[in-house]
Amino acid sequence: MTSIESSPYLSVVIPAYNEERRLPATLRRVLDYLAQQPYASEVIVADDGSSDGTAAYVDRQLDVHRNLFLLRLDHRGKGYAVRSGALMARGEYILLCDADPAVPIEEWERLRRYLESGYDVAIGSREGLGARRIGEPWYRHIMGRIFNTIVRLVAVGGIQDTQCGFKALRRAVAHDLFRRVRIYGDDAPQVEGAAVTAYDVELLYLAVRRGYRIAEVPVVWQYGEETKVNPLRDSWRNLRDVLKVRWYALRGRYAGLDAPLATMAEESARRTIDIR
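- Going by an unreviewed UniProt entry, the chain carries the name dolichyl-phosphate beta-glucosyltransferase and comes from Roseiflexus castenholzii.
- Note on the chain: under the UniProt heading Sequence similarities (unreviewed entry), the record states "Belongs to the glycosyltransferase 2 family."
- Note on the chain: under the UniProt heading Pathway (unreviewed entry), the record states "Protein modification; protein glycosylation."

Dropping the structure here:
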């Protein structure tokens, strides 16, 4: 394995669970885009305990793409995978994006402008002037708006779209927030099947509470026919996550979290990391 060397400008974190069909095209597009940029970058695929060939595919690409890293995890859901990848990331900025091509990597430029102008967090939004939703079924849009109303009433006010998977943060901010999450932290339980979660709500709640500047940036988003979202199962799980954020806040579980924690990047210098 090759040792991790100097810190890049951008880290792209891609959580993946059984994505051997969709991930290859997404990964090629991301790597091709980054190869054309004037800055150093890295791509971290956080494999969420896939039972298919996802991890094997990424592993085969490591010798071809020296800025590609594979993080092997137990299957604990998307929130845990994103957190693990973000804590491993070394870039000045950390971009979180999904394994499907819902938001093109080129939309990073929109988020980048806000981060470079002083914002701490820039989140892709499917709402607002300039945003485009392509191919989304009407019922999914309605479900999303109802969920967002609940989020704004219960946990995070003022943000129109907390659930778009395209988000970017300053590294110090990302590490600070992900060390403080409670729902999908170190003790997150193992799960069965695709586990779509509302980890974003807790992350943004903490960002607001910590006083970080958040920019909601309209992006182009395309609905995927192979989506893993189960309307009934995942709606309940996401609602439960939102209620947990409020409950944890009321119980003081977000207080007194100033003790520094070691990041995964400091604990390992391998390009393939297995923490299962």
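1. Here's the deal with helix H1 (residues 23–35)
Now for step 1: Look at H1: 18 Å from first C-alpha to last across 13 residues, which is about the 18 Å you get at 1.5 Å a residue.
Now for step 2: Among all positions in H1, only Leu23, Pro24, Thr26, Leu27, Val30, Leu31, Tyr33 and Leu34 are buried.
Now for step 3: Among the structural elements, strand S1 (10–16), strand S2 (41–47), helix H2 (54–61), strand S3 (68–72) and helix H4 (108–116) are those in contact with the buried residues of H1.

2. A short note on a nonpolar patch on the surface
Now for step 1: On the surface, Trp138, Tyr139, Ile142 and Ile146 cluster together into a nonpolar patch covering about 470 Å² of accessible area.
Now for step 2: Summarising the element assignment, Tyr139 is placed in helix H5 (residues 138–154).

3. Let's talk about empty space enclosed by the protein
Now for step 1: Applying the stated criterion to the full structure yields 1 cavity of 30 Å³ or more.
Now for step 2: A volume near 40 Å³ is recorded for the largest cavity.
Now for step 3: What lines the largest cavity is simply Gly79, Arg83, Phe178, Val181, Tyr184, Tyr199 and Glu202.
Now for step 4: Every element with two or more residues in the lining of the largest cavity is listed here: helix H3 (78–88) and helix H7 (199–209).

4. A word on the packing of aromatic side chains
Now for step 1: Using the criterion set out here, one finds 6 aromatic pairs in the structure.
Now for step 2: Geometrically, the ring pair formed by Tyr9 and Tyr93 is edge-to-face, given 5.3 Å between the ring centres and 85° between the ring planes. In this pair, Tyr9 is assigned in the segment before S1 and Tyr93 in strand S4 (residues 93–96), connecting sequence segments 84 residues apart. Per residue, the accessibility class of Tyr9 equals that of Tyr93, and both read buried.
Now for step 3: Through a chain of ring-to-ring contacts, three or more aromatic side chains come together here, namely Tyr9, Tyr39, Tyr93 and Trp108.
Now for step 4: Over the face of the ring belonging to Tyr80 we find Arg76, whose NZ or CZ atom lies 4.8 Å from the ring centre.
Now for step 5: In this structure, Arg126 packs its charged tip against the face of Trp221, placed 5.0 Å from the ring centre.

5. Focus: the nonpolar core
For soluble globular proteins, the rule of thumb is that nonpolar side chains tend to be buried together.
Now for step 1: Counting residues in each nonpolar core, the largest one holds 46 residues, and the members touching the most others are Leu96, Val156, Leu177, Phe178 and Val201.
Now for step 2: Ranked by residues supplied to this core, first place goes to H7 with 7 residues.
Now for step 3: If sequence neighbours within four positions are ignored, Val201 has contacts with Phe147, Val151, Ala155, Val156, Thr162, Gln163, Val242 and Val245.

Conventions used here
Residues numbered from 1 in each chain as written. Predicted model: local features only at pLDDT ≥ 70, side-chain atom pairs only at ≥ 80, totals over all residues. Heavy atoms only, no water. UniProt positions renumbered as here; feature names shortened; annotations may be inferred. Helix = DSSP H or I, 4+ residues; strand = E, 2+ residues; numbered from the N terminus. Expected span 1.5 Å × (residues − 1). Buried < 20%, exposed > 50% of the residue type's maximum accessible area, 1.4 Å probe, protein only. Contact = heavy atoms within 4.5 Å. Patch = residues over 30% accessible without salt bridge, like charges linked within 9 Å, V, L, I, M, F, W, Y side chains within 5 Å. Areas by Shrake-Rupley, 256 points an atom, 1.4 Å probe, with all protein chains shown as cover. Salt bridge = Lys/Arg side-chain N within 4 Å of Asp/Glu carboxyl O. 1 Å grid on protein atoms, 1.4 Å probe; cavity = no way out; pocket = protein on both sides within 12 Å on 5 of 7 lines; lining within 4 Å. Points joined across faces, edges and corners; volume = space filled by probe spheres on them. Phe/Tyr/Trp six-rings, centres within 6.5 Å; stacked < 30°, edge-to-face > 60°. Lys NZ or Arg CZ within 6 Å of the ring centre and 35° of its normal. Core = buried A, V, L, I, M, F, W, Y, C linked by side-chain atoms within 4.5 Å.

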